[in-house]
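So you can see what is in the structure, the chains are spelled out below.
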Amino acid sequence: MYKSVFLIDCTLFAYKSYYIINYKNKVKNFSKSFNIFINMIYFRYIKVYPKYIFFIFDNKNKLNYRNIIFNKYKSNRKRYSKNFSKYIIFLKNRLSLFNLKIISISNIEGDDVINYIACKLNKLFKYINIYILSYDKDFIQLVNNNIFIYSFSILNINNIYKNYGFYPYLLKDYLVLCGDRSDNIPGIKGIGNKIALKILNNFGDIYNIYNNINKLFKIGININVINNLKKNFYNIRIWYRLVSFNENINISIKINNYFFNKKLFNILYIK
């Protein structure tokens, strides 16, 4: 029988729960925000109850290798307010009071931690389903027969292809071609969704595209786009690293420490 594991992108849900209260009531009410945070997560347990649950946060210190190799990485985003940072601390403390284990590692983004845990559990356990609770499209690249994204619905390999036009393993190649506004990755001028899909569906990943770059005109790709690809050969290698997960981390995980206590969560849940 398959066991289910939930990896929760807590910073994302923390942001949503905090600003719902602030925007609507203009009151910095951490307790109400915490209730919304729990409720947002709880509603995603309607279809699947996990055997184990991991609460994963970004670390306050955002300096990491991505900022070093590309100083404009996420530079278009507003910095978290001091009060939101205090809310994150409050949230972690409140979860800890209920003996819920959290993971937050200095200088490592929460996304990289989620990737590490998902891949490690997928290798260690044969009968396991891993659900990543997040709206972040970067996690698409992890989806396989045992790893799923759980947002508004459960995303698997087939419906990702149906919705996006490419299979999960090509997400990184798609993002470096089109760019990613959320992370301030420029992409190639002249390449949008349709052209990117056309190139990927004919030539596959970015390495094969560059190996066959002089053949792109055969599928109707404009010479200016081809030249832009050639000009950005160095940049696209950097962007590819930005959209790839950090594999150079190591976390000691005792999975039984993250056992999901349904009774406890029912107590936390506020209707």
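My aim in this report is to walk through the structure given alongside it, one point at a time. What you see is a predicted model; the values in this text were computed from it and never measured. (Residues numbered from 1 in each chain as written. Predicted model: local features only at pLDDT ≥ 70, side-chain atom pairs only at ≥ 80, totals over all residues. Heavy atoms only, no water.)

Now for the packing of helix α2 (residues 30-42) against helix α4 (residues 82-97). Taken N-terminus to C-terminus, the directions of α2 and α4 make an angle of 65°; their axes are 10 Å apart at the nearest point. The handedness of the crossing between α2 and α4 comes out as right-handed. Mapping the contact onto sequence places F30, S31, S33, F34, F37 and I38 in α2 and N83, K86, Y87, F90, L91, R94 and L95 in α4. The residue inventory of the contact of α2 with α4, partitioned by class, reads eight nonpolar, three polar and two charged. (Axes fitted to C-alpha atoms, helices over the stretch in contact; angles between N-to-C directions. Helix = DSSP H or I, 4+ residues; strand = E, 2+ residues; numbered from the N terminus. Left-handed = near helix turned anticlockwise from the far one by under 90°. Contact = heavy atoms within 4.5 Å. Nonpolar A, V, L, I, M, F, W, Y, C, P; charged D, E, K, R; others polar.)

Another point: the state of the cysteines. Under the counting rule described, the total for this entry stands at zero disulfides. C10 takes part in no disulfide bond, and the closest cysteine sulfur, belonging to C119, lies 19 Å away. Assessed through its relative accessible area of 0%, C10 is described here as buried. (Disulfide = S-S within 2.5 Å. Buried < 20%, exposed > 50% of the residue type's maximum accessible area, 1.4 Å probe, protein only.)

Summarising burial for strand β4 (residues 128-133): six of the six residues are buried, a large majority. Taking every second residue as pointing to the same face, both faces of β4 are buried, with I128, I130 and I132 on one and N129, Y131 and L133 on the other. For strand β1 (residues 3-9) and β4, the ladder comprises six bridges, and the chain directions are parallel. When the sheet's bridge partners are listed, L7 is paired in β4 with I132. Pairing of β4 with strand β5 (residues 147-150), which is carried by three bridges, proceeds in the parallel orientation. Opposite I130, over in β5, you have I147 as the bridge partner. (Pairing = 2+ DSSP bridges.)

Right, let's get into the packing of aromatic side chains. On inspection of all chains with the given rule, the structure shows 25 aromatic pairs. Both rings, one in F54 and one in Y258, keep their centres 4.1 Å apart while their planes meet at 20°; by these two values the pair is stacked. Of this pair, F54 sits in strand β2 (residues 52-56) while Y258 is found in the loop between α11 (233-243) and α12 (262-268), placing the two residues 204 residues apart along the sequence. Both residues of the pair, F54 and Y258, belong to the buried class. (Phe/Tyr/Trp six-rings, centres within 6.5 Å; stacked < 30°, edge-to-face > 60°.)

Mapped onto the elements, Q141 comes out in the loop between β4 and β5. A polar contact is formed between the side chain of Q141 and the backbone oxygen of D138, at a distance of 3.0 Å. (Polar contact = N/O pair within 3.5 Å; in protein donor to acceptor, adjacent residues only side chain to side chain.)

So, about α11. Those residues of α11 that sit buried are I236, I238, W239, Y240, L242 and V243. In the core, the buried residues of α11 are packed alongside α3 (65-69), α7 (171-178), α9 (206-211) and α10 (223-231).

Residues three or four positions apart in an α-helix share a direction because the helix packs 3.6 residues into each turn. Look at helix α5 (residues 110-124): 21 Å from first C-alpha to last across 15 residues, which is about the 21 Å you get at 1.5 Å a residue. Listed as buried for α5 are G110, D111, D112, V113, I114, N115, Y116, I117, A118 and L121. Packed against the buried residues of α5 are β1, β2, α3, β3 (102-103), β4 and β5. (Expected span 1.5 Å × (residues − 1).)

Here we come to the pattern of salt bridges. Inspection of the entire model under this criterion finds four salt bridges. Where R66 meets E109, a salt bridge forms, and the shortest distance between an N and an O atom there is 3.2 Å. Here E109 lies in the loop between β3 and α5 and R66 lies in helix α3, a separation of 43 residues in the sequence. Given a relative accessible area of 4%, E109 falls into the buried group. The shortest N-O distance in the salt bridge between D112 and R66 comes to 2.7 Å. Of this pair, D112 sits in helix α5 while R66 sits in helix α3, and the two are 46 residues apart along the sequence. In this structure R66 comes out as buried when scored by relative accessible area, which is 4%. (Salt bridge = Lys/Arg side-chain N within 4 Å of Asp/Glu carboxyl O.)

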